[in-house]
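# Examining the three-dimensional arrangement
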Amino acid sequence: MSARETVFTMDSSSIKYGPGATRELGGDMAALGARRVMLLTDANLAAGEQVEVARESLNRAGVKAAMFSRVRVEPSDASFQEAIAYAQRGNFDGFVAVGGGSVMDTAKVANLYDCWPPDDFLDYVNPPIGRGLPVPGPLKPLIAVPTTAGTGSETTGVAIFDYEALRAKTGIAHRALRPTLGIIDPHNTATLPPMVAACSGLDVLSHAIESLTALPFSQRPAPEHPQARPAYQGANPVSDIWAAEALRMVGANLLRASRDPDDEEARGNMLLAAASAGIGFGNAGVHLPHGMSYPVSGMVRDFLPEGYYVCHAIVPHGMAVIVNAPAVFRFTASANPERHLLAARLLGLDVTHAAPEDVGEILARGIIDIMRATGMPNGLAALGYRESDAPALAEGTLPQHRVTRLSPRPAERDDLIELFRAAMRYW
């Protein structure tokens, strides 16, 4: 039997927070020594105020910016490679991402493949789909400016994409991918449509619960050498602090922020919650709701969500995660009732006199109530899936070892099939 892990690490990007903080972007990038940067965004944001403020700030600081606005919402391997090709032609000495998780993840990958081009695109991709090769060395400066309060990608070393050949999501995970700086500015989320704000916020909610309930780091096998220690290490005492605070903030602010775009306090708190959850799960990891979300997104047929201006079928990431969450936490609660009880309490749910066997249902019902209040679809069936799709969805989840093995309760193929069936509808 392999030795158990006895060490955990704590890594994060630097963070700058405050209304109007984007105006300091240029000075921050110049201080990092960059003079010509690739500015990544998506087509919906390219002509917006957030990008204009960023460009003006870079210009004032004498930093030239070449804009790449072809980031795909919910990126694919093809869209990643388009951004990589642009980066490799541009002779850039820095990168700026202004957008949501799709933009920030695309910037991370463009930076990596520009600095250290591999022999094959899949070389850095997580196994078993890719080879999972370690990043050979440091990357160029990357400043991330989130315009959604969800992924926490401004703090993490993870980049997720649709691998179209398998119709499933996978990703690249390494500490070197973390942005150098995340600029968190509440002004940048003022124009979020309610559904986008809700999906983003529910991603934060699940990040926090998953990292809080993940398999403890001390129950994982020790790596063969320190460099092989994964970015997602399992729950640990420091990640717990960040996840718990994120969950408390979500409980107090999610409904306010998704209902009222003028509530700057709530929007700012959701941005802080996203970053806090990102620091937590960026070190502890996530588990089944995220692992199950990847085939839900990758196998979508024709679902077009409200508030997302796209011309291709997508299930937004936060939506794909949260439709699985109630079923999952009913399943995992028995493995660690105390952690699930803590999550319910932090979310503001009534856990008075709750018995251990009741905790999973309490947490699941609380999440379902939030889903209904924010207009989420009623489970997988509302996204166009049928119970007959459950085996294929399970098969798409099985390769997601990086996250599924962090579940506090192991889930084999048959377990996953039943979880997907349980997630078809909730009310």
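Summary of the structure given here. Note that the structure is a prediction, hence the values are computed from the model and not measured.

## A few points about the environment of Leu393
Here Leu393 shows up in helix H13 (residues 390–397). A C-alpha to C-alpha distance of 30 Å links Leu393 and Gly251, two positions 142 residues apart in sequence. Setting aside residues no more than four positions away along its own chain, Leu393 makes contact with Pro295, Val296, Met299, Leu380, Tyr385 and Phe420.

## Some points on the packing of aromatic side chains
Under the criterion given, the structure shown has nine aromatic pairs. Between the aromatic rings of Phe68 and Tyr86, the centroid separation amounts to 5.2 Å while the plane-to-plane angle is 50°, which identifies the pairing as tilted. One end of the pair, Phe68, is in strand S3 (residues 64–71); the other, Tyr86, is in helix H3 (residues 77–90), and 18 residues separate them in sequence. Look at Tyr86 and you get partly exposed, because its relative accessible area is 22%. The structure contains a cluster of three or more aromatic residues connected by ring pairs, namely Phe80, Tyr113, Phe121, Tyr124 and Phe161.

## Section: helix H4 (residues 101–115)
The terminal C-alpha atoms of H4, which comprises 15 residues, lie 21 Å apart, in line with the 21 Å expected from a rise of 1.5 Å per residue. Counting buried positions over the 15 residues of H4 gives 14, a clear majority of the element.

## Points about unusual backbone geometry
With omega at 10°, the peptide bond leading from Pro127 into Pro128 counts as cis. Phi angles above zero are rare outside glycine, and Glu74 is one such case at about 60°. Secondary-structure assignment places Glu74 in the loop between S3 and H3.

Quick notes on the rules
Residues numbered from 1 in each chain as written. Predicted model: local features only at pLDDT ≥ 70, side-chain atom pairs only at ≥ 80, totals over all residues. Heavy atoms only, no water. Helix = DSSP H or I, 4+ residues; strand = E, 2+ residues; numbered from the N terminus. Contact = heavy atoms within 4.5 Å. Phe/Tyr/Trp six-rings, centres within 6.5 Å; stacked < 30°, edge-to-face > 60°. Buried < 20%, exposed > 50% of the residue type's maximum accessible area, 1.4 Å probe, protein only. Expected span 1.5 Å × (residues − 1).

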